[in-house]
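Listed below, chain by chain, are the residues.
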Amino acid sequence: MAETLLDIRGLKTWFKTDDGMVRAVDGVDLRIERGETVGVVGESGCGKTVTARSVLKLIDMPPGRFEDGQILWQGRDLIPLPQDEMNKVRAREIAIVFQEPMTSLNPVYTVGDQIAEVIAQHQKLNKKQALEGAAEMLRLVNIPNPQRRIHDYPHQFSGGMRQRVMIAMALSCRPKLLIADEPTTALDVTIQAQILELMQEMKERFGMAIMLITHAMGVVAETCQRVTVMYAGKVVEEAPVRELFGSPRHPYTQGLIRSIPRVDRAATHKERLEAIPGTVPSLLEPPPGCRFAARCRFVTEVCTRAMPTMKEVSPGHFVRCVL
């Protein structure tokens, strides 16, 4: 039996605004086993990043709050933990690579000092030992001449190199779970491939699990074992990666997959990329029933009356759709 590291149950992370309560994450269930990579996909505004930040309790409170649910880390609920206990979990057990490498590093500190701070805090080392550890991490993520580059500032690194620094910082305490929030955003295609390859190499080296948040379905197909599809604050489909791409059941998942360019057919077929019409509904006042109903080409009257429940349509394949 695989060991469950992270088990999110019925999580609701809401934000109080002047216009009302925004239900950014509204009853999410998500599970990650030891050593696997789980992809979390969906459009912007579907709740992927809020779910990730909720795991580490990196939500500003107020305006955010946990309305309901549990975040079980190796069986222990993180939501009621005080700040000092959460600080022992962050970086040491669960680490995160944030979405934007250009702004995630502090511009007034050297990259070595920023990595060493994490190492010193969690491993109780002195500054010299921590800097040696920082140089070793830069070497592991393939940054040339790490002993010299630990004294450089973020502006002296390219975008791809900064993302490598972020990964080095996240992995400096050998976490069991890495949350990668769109780690290839703003990077060109060649560098994206290098970063994904690096993450896979680090996963195998440290035996960790990865929660990969991305828009790129091709990245999911290449790197993940299971996929969770989110829409408007809810999970609408979950399946092993081959099952999801081979037999997508939810109309939203089908739309995401149809929007992928088909390089293998580009030379012989002239096809227009399909787009899903409309936009994600407002989470201030979510519509009754299925939240995808207004954009779904298969919508029926029953879809607009009550929220569908998640049903297992084949082993390990769950979908939230009346069809």
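For the structure, see preceding data.
Residues numbered from 1 in each chain as written. Predicted model: local features only at pLDDT ≥ 70, side-chain atom pairs only at ≥ 80, totals over all residues. Heavy atoms only, no water.

1. Quick word on the overall build of the chain
The test is simple: Going along the chain from the N terminus, every DSSP run of H or I of four or more residues is numbered as a helix, and every run of E of two or more is numbered as a strand. Atoms counted for the radius of gyration: C-alpha only. Globule rule: 2.2 Å times residue count to the power 0.38. Think of it in three bands: residues with accessible area under 20% of the maximum for their type are buried, residues over 50% are exposed, and the middle band is partly exposed, with areas taken using a 1.4 Å probe on protein chains only. The contact criterion used throughout is that any non-hydrogen atoms of two residues lie within 4.5 Å. Areas reported as accessible are Shrake-Rupley estimates using a 1.4 Å probe. Residue values count occlusion only from the protein chains shown. Only four residue types enter the tally: Lys and Arg on the positive side, Asp and Glu on the negative side, with His and both chain ends excluded. In this description, the location of a charge corresponds to atom NZ of lysine, CZ of arginine, CG of aspartate or CD of glutamate.
Across its full length, the chain holds 10 helices and 12 strands. For 323 residues, the compact-globule formula gives about 20 Å, and the C-alpha radius of gyration of the chain, at 21 Å, lands near that figure. Taken over the C-alpha atoms alone, the chain extends approximately 65 × 55 × 45 Å along its principal axes. Counting over 323 residues, the chain shows a buried share of 50%. Pairs at least 24 apart in sequence give 64% of the contacts found in the chain among residues at least 6 apart. Accessible area of the chain: about 15700 Å², with a carbon and sulfur share of 52%. Distance from the positive charge centre (41 side chains) to the negative charge centre (38 side chains) of the chain: 1 Å.

2. Structural notes on a nonpolar patch on the surface
Let me state the cut-off plainly: For patch building, the residue pool is restricted to those with more than 30% relative accessible area and no salt bridge; the joining distance is 9 Å between like charges and 5 Å between nonpolar side chains (Val, Leu, Ile, Met, Phe, Trp, Tyr). What makes a salt bridge here is a side-chain nitrogen of Lys or Arg within 4 Å of a carboxyl oxygen of Asp or Glu, nothing more.
A contiguous nonpolar surface patch, about 350 Å² in accessible area, is contributed by Phe-298, Val-302, Val-322 and Leu-323. Mapped onto the fold, Val-322 is located in the segment after strand S12 (317–319). Accessibility expressed as a relative area gives 37% for Val-322, which makes it partly exposed.

3. Observations regarding the nonpolar core
As a reminder of what qualifies: Nonpolar cores were defined as sets of buried Ala, Val, Leu, Ile, Met, Phe, Trp, Tyr and Cys residues, with membership established by side-chain atoms within 4.5 Å.
In this structure, Ile-71, Ile-94, Leu-177, Leu-178, Ile-179 and Met-211 are the most contacted members of the largest nonpolar core, which totals 97 residues. Excluding anything up to four places from it in sequence, Met-211 contacts Leu-30, Ile-32, Val-38, Val-40, Thr-51, Ala-52, Leu-177, Leu-178, Ile-179 and Ala-180.

4. So, the sheet that holds strand S8 (residues 209–214)
Put simply, the test is: We call two strands paired when DSSP finds no fewer than two bridges between them. Each axis is a line fitted through C-alpha atoms, taken for helices only over the stretch in contact, and angles between the N-to-C directions span 0 to 180 degrees.
Spatial strand order, S6-S7-S8-S3-S9-S10-S12-S11: eight strands in an open sheet with mixed pairing. Two strands in the sheet have a free side with no partner beyond their single neighbour: strand S6 (94–97) and strand S11 (311–314). The mean angle between the axes of side-by-side strands here comes to 20°, regardless of whether they run parallel or antiparallel. Note: S11 against S12, three bridges, orientation antiparallel. Along S12, the bridge assignment pairs Ser-314 with His-317. Packed on one face of the sheet, helix H7 (residues 189–206) meets strand S3 (37–41), strand S7 (177–181) and S8 and runs near 160° to S8. Relative to strand S9 (residues 226–231), helix H10 (residues 251–258) is tilted by about 105°, and along the sheet it contacts S3, S9 and strand S10 (234–240).

5. Notes on the pattern of salt bridges
By the definition in use, this model includes 16 salt bridges. For the salt bridge of Arg-295 with Glu-43, the shortest nitrogen-to-oxygen distance reads 2.9 Å. Of the two residues, Arg-295 sits in the loop between H10 and S11 while Glu-43 sits in the loop between S3 and helix H1 (48–55), which places them 252 residues apart along the sequence. According to the relative accessible area criterion, Glu-43 is partly exposed, its value standing at 23%. Among the charged side chains, a network of salt bridges with common partners joins Arg-31, Glu-33, Glu-36, Arg-226 and Glu-238.

6. What to know about the side chain of Asp-7
We count it as follows: In protein, a polar contact requires one atom able to donate a hydrogen and another able to accept it; more generally it is a pair of N or O atoms within 3.5 Å, and residues adjacent in sequence count only if both atoms are side-chain atoms.
For Asp-7, the position within the fold is in strand S1 (residues 4–17). On the accessibility criterion, Asp-7 (17% relative accessible area) is buried. Polar contacts involving the side chain of Asp-7 include one to the side chain of Arg-9, which spans 2.8 Å. Beyond its immediate chain neighbours, meaning those up to four positions away, Asp-7 contacts Leu-30, Arg-31, Gln-70, Ile-71 and Leu-72.

7. Here's the deal with the sheet that holds strand S4 (residues 64–73)
In sheet architecture, strand pairing relies on hydrogen bonds along the backbone and comes in two forms, parallel and antiparallel. Pairing in this open sheet of four strands is antiparallel, and the strands run S2-S1-S4-S5 from one edge to the other. The two strands at the open ends of the sheet, each matched to only one other strand, are strand S2 (20–33) and strand S5 (76–77). As paired strands, S1 and S2 are joined by 10 bridges and run antiparallel to one another. Residue pairing for S2: Thr-4 is matched across the bridge by Glu-33. Across the sheet, H1 is in contact with S1, S2 and S4; its angle to S1 comes to roughly 115°.

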